[in-house]
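Residue-level listing of the chains:
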Amino acid sequence: ARAQIGVTGLSVMGRNLARNLARHGYRVALHNRSVGRTRSLVAEHGDEGDFVPSESMREFVDSLSRPRAVIVMVKAGAATDEVIAELTGLLEPGDIVIDCGNTHFTDTIRREKDLAAKGLHFVGTGVSGGEEGALNGPSIMPGGSVEAYRTLGPIFETIAAQVDGTPCAVHVGPDGAGHFVKMVHNGIEYADMQLIAESYDLLRSGLGASPAQIAEIFREWNGGELESFLIEITANVLAHTDAATGKPFIDVVADRAEQKGTGRWTVQSALDLGIPITGIAEATFARSLSGHTDQRAAAQRVYHGRAADAEPTGVVQDPKQFVEDVRNALYASKIVAYAQGFDHIQAGSEEYGWDIDRGAMATIWRGGCIIRARFLDRIREAYAENDALESLLVAPYFADAVAAGADSWRRVITTAVRAGIPTPTFSSSLAYLDALRRPRLPAALIQGLRDDFGAHTYQRVDRPGSFHTLWAGDGSEVEA
Ligand code: 6PG
């Protein structure tokens with residue numbers, strides 16, 4: 001019998017996806033550029049299911065039943081293009097190419113168009129959950145055609161994580177929709193992690209708690225509304241001791257955060273769409289800043305011991321209240337980050353005509369993915385109640401949560417400012433909320449300035465039309 005699905009590219013993610021498929025009873029064709037990986041997968045895990053190994057791309061394609069479904073799991077960019085080109089030469093109309101890498105959605109739009117012209121389906125698919133998820137149940141975000149999903153849906157929904165009997169896989173929308181949503185997922189992942197990092201810094205530097213004590217605090221928080229995979233592993237990382245030195249692991253790791261680029265893509269896309277994802281942007285920039293070691297060293301030298309230097313210790317009067325304040329600030333900022341991310345999804349959906357169901361995205365992020373959290377059920381409910389919600393921040397549950405945490409949030413940021421502890425994501429998230437709820441914004445002044453130096457015109461609050469003031473003349477107003 002022929003294989004029902006194939007995987008080419010058998011480094012850890014591809015390998016684990018193939019094993020997940022086989023463990024669920026699918027007959028899985030295997031291919032890798034160097035055959036060593038294919039052989040070792042069969043040697044080590046051949047007993048987990050039905051694998052059909054191939055040594056060439058032609059043999060691989062021939063081993064699949066039609067319509068052929070081929071998962072490509074190679075490095076995003078040129079490597080993916082190469083494999084797709086090789087495959088398209090061998091596939092036949094109706095066959096399906098699935099890119100499960102972290103691909104930029106505009107590449108997916110381009111490839112889908114190219115392959116559709118050849119009669120092939122191209123399904124750019126976001127897969128989240130890291131190595132563990134790929135093996136035991138990821139969150140799966142496929143784009144591409146409805147027709148392709150008819151073949152792939154049952155497979156994806158079987159191998160995905162399941163929450164309350166609902167699979168964490170759904171057809172997101174046409175062409176690049178799946179990779180777009182995965183990109184925003186990663187942006188939110190950046191914001192989530194930065195918020196956690198800021199909380200840690202406040203507890204460590206502001207309160208003076210040890211990493212082990214902070215691990216306990218996170219463990220406790222994980223029992224409440226903050227319950228999530230990232231909070232859970234934060235406790236593990238903070239409780240970990242470095243074997244070589246006996247020091248807390250967190251103190252022997254260089255304080256420069258890397259990124260492969262999905263956070264940057266999210267911010268670039270949001271700028272293009274005009275969506276203020278300030279939390280995600282601050283989180284992305286915070287990683288960049290951490291890597292500017294020369295500037296950081298110079299600033300440390302120049303500002304050390306200056307009068308303007310902040311007092312990092314002794315700023316917390318009531319430790320118990322402070323811990324609770326940080327928790328509330330974290331939750332409120334997290335709500336802002338998700339609200340912004342879901343706005344971004346909505347804007348992308350409108351711009352590219354994808355018709356993405358935001359409630360469905362919250363549903364498939366409840367399990368399997370890196371940002372999985374109890375909280376996502378609340379988001380699902382908010383969109384179930386009103387799928388045209390202007391912002392998650394105005395949904396009754398979230399509005400109540402944010403309002404209840406607002407005092408804590410302001411206190412934490414005030415403390416952070418006095419102590420000189422940077423909280424870019426906490427602070428910008430509060431600024432975002434304050435700006436949204438403000439009856440009048442100073443944008444009116446910006447309009448005045450633009451009209452003064454560039455005759456860019458402005459609108460009035462009391463009558464329709466566009467106007468210009470003769471700033472260099474008699475100061476009178478003309479209709480533009
Ligand atoms: C996931 C993750 C994953 C991502 C890594 C690293 O959903 O499983 O988002 O796809 O590639 O977490 O991302 P950075 O290197 O950009 O931090």
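We now turn to the structure provided with this report. Just so you know, these numbers come straight off a predicted model, no measurement behind them.

Quick look at the pairing of strand β6 (residues 121-128) now. When you tally the buried positions in β6, you get 8 out of 8 residues, the bulk of the element. With burial as the criterion, each face of β6 is covered, one bearing H121, V123, T125 and V127 and the other bearing F122, G124, G126 and S128. Note that strand β5 (residues 96-99) and β6 share 4 bridges and pair parallel. Each bridged residue has a counterpart across the sheet, and for D99 the counterpart in β6 is G124. With helix α5 (residues 105-117) bridging β5 and the parallel β6, this β-α-β connection has right-handed handedness. Sheet topology note: the β6/strand β7 (residues 139-142) ladder contains 4 bridges and is antiparallel. Considered in β7, the bridge of S128 is made with S139.

Further remarks concern the sheet that holds strand β4 (residues 69-72). Spatially, β3-β2-β1-β4-β5-β6-β7 is the arrangement adopted by the 7 strands of the open sheet, whose pairing is mixed. Two strands in the sheet have a free side with no partner beyond their single neighbour: β3 (50-53) and β7. The sheet shows a mean angle of 25 degrees between the axes of neighbouring strands, direction not considered. Bridge count for strand β1 (residues 5-8) against β4 is 3 bridges, and the pairing is parallel. Its bridge partner lying in β4, V7 is registered against I71.

Moving on: helix α2 (residues 35-45). Buried within α2 are the following residues: T38, L41 and H45. Projected down its long axis, α2 carries its buried residues within an arc of 75 degrees, all on one side. Packing partners of the buried residues in α2 comprise α1 (12-23), β2 (27-31) and β3.

Rules of the game
Residues numbered from 1 in each chain as written. Predicted model: local features only at pLDDT ≥ 70, side-chain atom pairs only at ≥ 80, totals over all residues. Heavy atoms only, no water. Buried < 20%, exposed > 50% of the residue type's maximum accessible area, 1.4 Å probe, protein only. Helix = DSSP H or I, 4+ residues; strand = E, 2+ residues; numbered from the N terminus. Pairing = 2+ DSSP bridges. Right-handed = clockwise from strand over helix to strand, strands pointing away. Axes fitted to C-alpha atoms, helices over the stretch in contact; angles between N-to-C directions. Arc of directions from axis to C-beta. Contact = heavy atoms within 4.5 Å.

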